[in-house]
Amino acid sequence: MKVISTIENYQATEGCSLTIGTFDGVHIGHSEIIDRLVKSAREKNHLAVVLTFFPHPRMVLQKDTSIRLIDTLKEKQQLLSDLGVDVVVIHPFSKEFSRQTADEFTRDILVKAFNIEHLIIGYDHRFGRNREATVDDLINAGETYGFTVEKIEAQEIASVNVSSTKIRTALEKGKMKIATDYLNRPFRLCGKVIEGEKIGRTIGFPTANLQIEEEYKLMPCDGVYFIQSQLENTLVYGMMNVGFRPTLEGEKRSFEVHFFDFKQDLYGALLHIDLLELIRKEKKFDSLEMLKAQLEEDQAKCRQLIPAK
């Protein structure tokens, strides 16, 4: 899959089937839309193209800096690639971009920039300056410019919205199985292993400390999780603490992973951690000995959850 940073960098050498959206989470509702896009493109011998935006439009138009996204840009790119998309165009969203008229957007972007032949879009999609135009306007424009419009009906859009809301709520409450069901995959945290304080190894639980750079990434509730990761082409299980380490008077959220039966040096490695189940919420212990005893309990619970081979 090709990833293109702005609309201006897209080279329309052939016609395309296109859909537009933020696609945060790339969950089961999104997957159905992308599946339709890819099937349409294959049937018509088109490229399957996704136009998405960063930053999120709410961050720009509503100045909603509190919004957190289920997937980072890199995670979203990989998920869309796995679904068979040919090209993802990530356009920088700005107030200037939002002020285009509907006619300008249709003519200059859909037709001239993308050479669009088929558009898949939600029934309630509005676009252009002040959200002035509707899907009916797109259908009329398609008749003028020679592209077709496939409308995603109300019940399908409702499913997408419900999925996003339920995923966010589940993550905030640590209900990982619900999040997994709606994502059709485990929720993932990705980060580089950095040097920590090495306290874990003094109590028999050495950890890989992750640095997650994307501040906009949605985080699950603080606690201890049963996790899995692919290390050196092997599926490895373990547990992960997400939180402020109150026993150690931590001042910022940390991400510490303890892998079972894996002892290689991971410093500098980029890890992809799938959070499978919340074992317990984070709590403060009166001593390192009490923390160690709890970690031994946590490990025993996690090991019981490892699927039988």
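Just above, that's the structure.
Residues numbered from 1 in each chain as written. Predicted model: local features only at pLDDT ≥ 70, side-chain atom pairs only at ≥ 80, totals over all residues. Heavy atoms only, no water.

Asker: If you had to explain the pattern of salt bridges to someone new, which residues and values would you point to?
Answerer: Throughout the structure, instances matching the rule amount to 13 salt bridges. The salt bridge involving aspartate 108 is made with lysine 112; its shortest N-O contact spans 4.0 Å. In this pair, aspartate 108 and lysine 112 are both assigned in helix H5 (residues 102-113), four residues apart and thus about one turn of the helix distant. On the accessibility criterion, aspartate 108 (31% relative accessible area) is partly exposed. The exposure class assigned to lysine 112 is exposed, which follows from its relative accessible area of 58%. Residues participating in the shared-partner salt-bridge network are Arg107, Asp108 and Lys112. (Salt bridge = Lys/Arg side-chain N within 4 Å of Asp/Glu carboxyl O. Helix = DSSP H or I, 4+ residues; strand = E, 2+ residues; numbered from the N terminus. Buried < 20%, exposed > 50% of the residue type's maximum accessible area, 1.4 Å probe, protein only.)

Asker: Any chance you could break down the packing of helix H7 (residues 154-173) against helix H8 (residues 176-183) for me, citing the residues and the numbers?
Answerer: Packing of H7 against H8 brings their axes to within 8 Å, and their N-to-C directions diverge by 155°. Between H7 and H8, the angle is such that the two are roughly antiparallel. Read as a crossing pair, H7 and H8 show a hand that is left-handed. Here Ser163, Lys166, Ile167, Ala170 and Leu171 of H7 come into contact with H8, specifically with Met176, Ile178, Ala179, Tyr182 and Leu183. Grouping the constituent residues of the contact of H7 with H8 by class yields eight nonpolar, one polar and one charged. (Axes fitted to C-alpha atoms, helices over the stretch in contact; angles between N-to-C directions. Parallel < 35°, antiparallel > 145°, perpendicular 65-115°, else oblique. Left-handed = near helix turned anticlockwise from the far one by under 90°. Contact = heavy atoms within 4.5 Å. Nonpolar A, V, L, I, M, F, W, Y, C, P; charged D, E, K, R; others polar.)

Asker: Account for the sheet that holds strand E3 (residues 47-54), with residues named and values stated.
Answerer: The parallel open sheet is built from six strands, whose spatial order is E1-E4-E3-E2-E5-E6. In the strand order of this sheet, the two ends are held by strand E1 (2-4) and strand E6 (148-152), each with one partner. Neighbour to neighbour, the strand axes of the sheet diverge by 20° on average, direction disregarded. (Pairing = 2+ DSSP bridges.)

Asker: Please provide a residue-by-residue account of H5, values included.
Answerer: Residues of H5 that are buried include every one of Ala102, Phe105, Thr106, Ile109, Leu110 and Ala113, and no others. Down the axis of H5, the sector holding all buried residues measures 150°, keeping them to one side. H5 presents Asp103 and Lys112 as exposed residues on the side facing more than 90 degrees away from its buried surface. Lining the buried residues of H5 we find strand E2 (16-20), E3, helix H4 (95-98), strand E5 (116-122) and helix H6 (135-145). (Arc of directions from axis to C-beta.)

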